[in-house]
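Next come the chains, spelled out residue by residue.
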Amino acid sequence: MKIDKSLVAHCRALVEKKLDWGESQHWTNVDFEVLSEKILEETNTSLSTSTLKRLWGRVKYSSTPQAATLNALARFAGYSSYRDFELAHDKHASMGKETATTNPTEVAFTNKASTKKATLPKHSFSESAIWSIGLIMGFALSLLIAFSLSKRKAEEQSAPARYSFSSRPVAAGIPNSVVFTFDVSEAKTDCLFVQQTWDSSKRFKITKDQHEATSIYYYPGFFRAKLTVDSTVVKQHKLLIKTDGWLPMVERQPVPVYFKPEECTRNGALGLSTEQLASRNIPMQPEVPAVFYYYVDELGNLSSENFTLETSVKNTFSAGSGACQKSQVVVLCENSMFAIPLSIPGCTSALDAFVPGKLIKGSKADLSKFGVDFRDWVELRLAVRDKAVEVFLDKKSILKTAFSFNAGNIIGVGYGFEGTGLVDYVRLYDKEGKVAFREEFSAK
């Protein structure tokens, strides 16, 4: 399928206008994560952040976008499909062309001097009849095709018992391979895929006579694995990829650099040093590495609508391009997350706070209270009551907001630092104030 790049650019522009987030060249990774979530919510189609970055030219990619990607983008922009968007654009363009090429004396116009009526185009009866018959036949054919496709889709959806789909991780911790077991022998198509996550780009093709396949997960989290037949999801299930305790890692593509938890707990805190990064050939300049600490596990049905997080952090790197000391505390949920950003006071305009379904940009809101002095430990408290959110820094309230998105249960916590950083303690409480998870690194 030939893709008109100018049309894709126009579709992107419509999305940007709808979002009103400012120039896309200044969008951050969090912006693309939020856009991914919004597209999923409105179109029921998952586009990964990497796919969106490719569409916006933030990642080099030579291939053309997939039809499913363009359809989701067009639907988010307000059209029923990308084809509908193309037709609307072509119609608009042809109308403009017709207006530009028609004899001005045949076009109705009004001014102070005179009013002239456009002359109607003259067609013979046979021309009109042929045109009408062709239109009717085309319309009937399109209805027939649409009916055939919808019938086939309905058949796939109405007989889920024909298919089976399950999975199991083969180990504890990250990275982790997952074995998918399935039966698609009765499918009436060869368009069969297993999709690892909500990310539609993370999928692989299977065959009718195949019953097992494996895939590797490099990051922890909560995923929904899907079995698709002719692009229709016929089976899906939840898949929790846990960490084996704390997981310290440095982001790298395609595989992160991992560290053992025992390497990172010292002096009563969790953290990596610049010397440890240097031992793995990770440079600190000119681009500061992103360092993460994750803990993902089942936390006893801890609801994202009612909980409290208490923690204490410190960013320990401020040289060169790490001068802003950007940091982030994240509460991971089944369907979304909470992300509380921190930096030195002079860089708060570049911060983005996030609660499920809502992005708060430092360039459009005053996040100056998220500016801190990392020479001392920073105490953070995140309190959520019936989806009402309040953030405290050093016992002072700095943000009040709310959300309506269904984020599901909490499945873990994460910390991100530009450069190196430390975590002193982590405490998660449920609605009644009972401890759901607690880590006092000083106790080790």
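Residues numbered from 1 in each chain as written. Predicted model: local features only at pLDDT ≥ 70, side-chain atom pairs only at ≥ 80, totals over all residues. Heavy atoms only, no water.

With that out of the way, let us pick up the overall build of the protein. For the protein, the helix and strand inventory stands at eight helices and 25 strands. Put simply, the protein has 444 residues, and 43% of those count as buried. Long-range contacts, defined as pairs at least 24 residues apart, comprise 61% of the intrachain contacts of the protein with a sequence gap of at least 6. Accessible surface, the protein: about 24,000 Å² in total, of which carbon and sulfur atoms supply 53%. (Helix = DSSP H or I, 4+ residues; strand = E, 2+ residues; numbered from the N terminus. Buried < 20%, exposed > 50% of the residue type's maximum accessible area, 1.4 Å probe, protein only. Contact = heavy atoms within 4.5 Å. Areas by Shrake-Rupley, 256 points an atom, 1.4 Å probe, with all protein chains shown as cover.)

We now examine the packing of helix 2 (residues 29-43) against helix 4 (residues 67-77). Direction vectors running N to C along helix 2 and helix 4 enclose 80 degrees, while the axes themselves pass 10 Å from each other. Judged on the interaxial angle alone, helix 4 and helix 2 are roughly perpendicular. For the pair helix 2 and helix 4, the contacting residues are Leu35, Lys38, Ile39, Glu42 and Thr43 in the first and Ala72, Arg75 and Phe76 in the second. Here the residues of the contact of helix 2 with helix 4 are counted per class, giving four nonpolar, one polar and three charged. (Axes fitted to C-alpha atoms, helices over the stretch in contact; angles between N-to-C directions. Parallel < 35°, antiparallel > 145°, perpendicular 65-115°, else oblique. Nonpolar A, V, L, I, M, F, W, Y, C, P; charged D, E, K, R; others polar.)

Here we come to the packing of aromatic side chains. Under the criterion given, the structure shown has 18 aromatic pairs. Summarising the aromatic geometry, the rings of tryptophan 21 and tryptophan 27 are spaced 5.5 Å apart at their centres and angled 65 degrees between planes, so their arrangement reads as edge-to-face. Each member of the pair tryptophan 21 and tryptophan 27 is classed as buried. Ring centres of tyrosine 295 and phenylalanine 437 lie 4.4 Å apart, and the angle between their planes is 35 degrees; on these two criteria the pair is classed as tilted. Residue tyrosine 295 is found in strand 14 (residues 290-296), and its partner phenylalanine 437 is found in strand 25 (residues 435-440); the two are separated by 142 residues along the sequence. When its relative accessible area of 16% is taken as the criterion, tyrosine 295 is described as buried. Given the relative accessible area of 9%, phenylalanine 437 is considered buried. Taken together through their ring pairs, the aromatic side chains of Trp246, Tyr295, Tyr415, Phe437 and Phe441 make up a single cluster. For arginine 203, the ring lying beneath its charged end belongs to phenylalanine 193, and the centroid distance is 3.9 Å. (Phe/Tyr/Trp six-rings, centres within 6.5 Å; stacked < 30°, edge-to-face > 60°. Lys NZ or Arg CZ within 6 Å of the ring centre and 35° of its normal.)

Now for the packing of helix 1 (residues 5-19) against helix 4. At a minimum axis distance of 9 Å, the contact between helix 1 and helix 4 shows a crossing angle of 40 degrees. Accordingly, the angle class assigned to the pair helix 1 and helix 4 is oblique. For the pair helix 1 and helix 4, the sense of crossing is left-handed. Here Val8, Cys11, Arg12, Leu14, Val15, Lys18 and Leu19 of helix 1 come into contact with helix 4, specifically with Leu70, Leu73, Ala74, Phe76 and Ala77. Here the contact of helix 1 with helix 4 is built from residues that sort into 10 nonpolar, no polar and two charged. (Left-handed = near helix turned anticlockwise from the far one by under 90°.)

Right, let's get into helix 2. In a regular helix each residue adds 1.5 Å, so 15 residues correspond to 21 Å; helix 2 covers 21 Å between its end C-alpha atoms and thus fits that length. Every buried residue of helix 2 is accounted for by Val30, Asp31, Phe32, Val34, Leu35, Ser36, Glu37, Ile39 and Thr43. Along its buried surface, helix 2 packs onto helix 1, helix 3 (49-55), helix 4, strand 16 (327-333), strand 18 (352-355) and strand 19 (358-361). (Expected span 1.5 Å × (residues − 1).)

Bringing the sheet that holds strand 4 (residues 176-183) into the picture now. Reading across from one edge, 3-4-7 is the order of the three strands in this open sheet, with antiparallel pairing throughout. Here the strands that pair on one side only, and so sit at the sheet edges, are strand 3 (164-169) and strand 7 (212-217). Within the sheet, the average angular offset between the axes of one strand and its neighbour, ignoring direction, is 25 degrees. (Pairing = 2+ DSSP bridges.)

Further remarks concern the side chain of lysine 314. Summarising the element assignment, lysine 314 is placed in strand 15 (residues 306-315). Buried charge without a partner: lysine 314 forms no salt bridge, and the closest opposite charge is aspartate 376, 6.2 Å away. Those residues in contact with lysine 314 that sit more than four places away from it in its chain are Phe374, Arg375, Asp376, Trp377, Phe417, Gly421 and Leu422. (Lys, Arg positive; Asp, Glu negative; His and termini not counted. Salt bridge = Lys/Arg side-chain N within 4 Å of Asp/Glu carboxyl O.)

Inspection of the secondary structure assignment puts threonine 243 in the loop between strand 9 (232-241) and strand 10 (247-250). Here threonine 243 falls in the buried class, since its relative accessible area comes to 6%. Polar contacts involving the side chain of threonine 243 include one to the main-chain carbonyl oxygen of glycine 245, which spans 2.6 Å. Among the polar contacts made by the side chain of threonine 243, one reaches the main-chain amide nitrogen of valine 296 at a distance of 3.0 Å. Beyond its immediate sequence surroundings of up to four residues, threonine 243 is in contact with Gly173, Ile174, Pro220, Tyr294, Tyr295 and Val296. (Polar contact = N/O pair within 3.5 Å; in protein donor to acceptor, adjacent residues only side chain to side chain.)

Summed over the entire model, instances satisfying the criterion amount to 15 salt bridges. Salt-bridge contacts for lysine 387 lead to glutamate 305; the nearest nitrogen and oxygen are separated by 3.8 Å. A residue pair is termed long-range when its members are at least 10 positions apart, and lysine 387 in the loop between strand 20 (378-385) and strand 21 (388-393) and glutamate 305 in the loop between strand 14 and strand 15 qualify at 82 residues. For glutamate 305, a relative accessible area of 30% puts it in the partly exposed group. Close ionic contact of glutamate 310 with arginine 381 constitutes a salt bridge, the shortest N to O distance being 3.6 Å. Placement of the pair is glutamate 310 in strand 15 and arginine 381 in strand 20, with a sequence separation of 71 residues.

In this model, the protein carries an average pLDDT of 83, and 82% of its residues clear a pLDDT of 70 or more. Low pLDDT (under 50) marks residues 155-159, which in the prediction has nine contacts with non-local residues, meaning those over four places away or in another chain. (pLDDT = per-residue confidence, 0-100.)

So, on to the state of the cysteines. All told, the structure shown has one disulfide when counted by the stated rule. One disulfide in the model links cysteine 324 with cysteine 347; its S-S distance is 2.0 Å. Looking along the S-S bond of the cysteine 324-cysteine 347 disulfide, the torsion reads about -70 degrees, which is the left-handed sense. Of the two residues, cysteine 324 is situated in the loop between strand 15 and strand 16 and cysteine 347 in the loop between strand 17 (337-342) and strand 18; the sequence distance between them amounts to 23 residues. Judged by its relative accessible area of 22%, cysteine 324 is partly exposed. (Disulfide = S-S within 2.5 Å.)

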